[in-house]
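What the coordinates show
Here is how the chains run, residue by residue.
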Amino acid sequence: RAKPFLQRWYHPLTERHTWLAALYLLVGMFSAVGFFIAVMALGWATFGLMFVGLGVFLIRPFFSLVEVLCRAETAMARWVDVSIDLRPVNPLRGLGFNAVGDPERWRRIGFLCLNLVIGLVLGNVGLAAYWMVPQLLSEGPSGGGWWFVGLGPVMWVLALLIGAGLLGAAPRIAVHLARLK
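The structure reproduced in this document is the subject of the present report. These numbers come from a predicted model, not from an experiment. (Residues numbered from 1 in each chain as written. Predicted model: local features only at pLDDT ≥ 70, side-chain atom pairs only at ≥ 80, totals over all residues. Heavy atoms only, no water.)

1. Here we look at the side chain of Ser-31
Looking at the element boundaries, Ser-31 is found in helix 2 (residues 16-50). Ser-31 sits in the buried class, given a relative accessible area of 11%. A distance of 3.3 Å separates a polar side-chain atom of Ser-31 from the backbone oxygen of Gly-28. For Ser-31, the contacting residues outside a window of four places in its chain are Glu-73 and Met-76. (Helix = DSSP H or I, 4+ residues; strand = E, 2+ residues; numbered from the N terminus. Buried < 20%, exposed > 50% of the residue type's maximum accessible area, 1.4 Å probe, protein only. Polar contact = N/O pair within 3.5 Å; in protein donor to acceptor, adjacent residues only side chain to side chain. Contact = heavy atoms within 4.5 Å.)

2. Concerning the packing of aromatic side chains
Describing an aromatic ring pair means giving the distance of the ring centres and the angle of the ring planes. Under the defined criterion, the tally for this structure stands at seven aromatic pairs. Between Trp-19 and Tyr-130, the ring centres sit 5.5 Å apart and the planes meet at 35°, which makes this aromatic pair tilted. Of this pair, Trp-19 sits in helix 2 while Tyr-130 sits in helix 5 (residues 103-139), and the two are 111 residues apart along the sequence. For Tyr-130, a relative accessible area of 16% gives the class buried. Seen in terms of ring centroids, Trp-44 and Phe-47 are 5.6 Å apart; in terms of plane orientation they differ by 85°. Their pairing is edge-to-face. In this pair, Trp-44 and Phe-47 are both assigned in helix 2, three residues apart and thus about one turn of the helix distant. Look at Trp-44 and you get exposed, because its relative accessible area is 57%. Aromatic rings pair up to connect Trp-44, Phe-47 and Phe-51 into one cluster. (Phe/Tyr/Trp six-rings, centres within 6.5 Å; stacked < 30°, edge-to-face > 60°.)

Shown next, in the form of C-alpha cells:
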C-alpha cells in the first residue's frame, strides 16, 4: 500500500508544469521588484523634470515602458497556463499627453505596483516548502535544548518526516499559488 501512495505523493516532482510554476514564482519575485523600480524611477524622473519643462518629453516613454512591462508580466503568466487579458488602451499620440487622461493606463501602473506585493508574498509562500526541506534535512530541529532532555533523536526523526512530507507538498503549493498570482 505504501508504494502507490509514495508514487502518487512524489509524482508531481517529476512533472514539468510543477517546476515551471516554481520558476514562475521565483522569476515573478525578482521581476516584480525590477518592474516596480523601473516604473517608479522613470515616473518620478518624469514628474521631477516637469518642473523644468523636460518631463513632457518623458511622458510617452514612461507609458511605453509600462506597456512593455505589463506585456512581459502577462507573457510570464502563460508559463503556468494563466491568461491575463489586458484591457485595451488608446494609442499613444505625440508626446503622450492623451495617456495621462486614460484610466486604463493608470490601471496598468496599479497592476505593476500591486504585483510587487502579490509577487513577493505568493512567491515566498509558494516556494517556502522547497526552501524548508533542505534546511530540515541538513540541520534538523534547531536548538540544543532537545538533546539536553533526551529528545534529540526523536526531533531528528520528526524533522525528517516533516521534510519528506513537505517535499511532496511543495509542487502542489507552488502550482496553486502560481495560478493565483
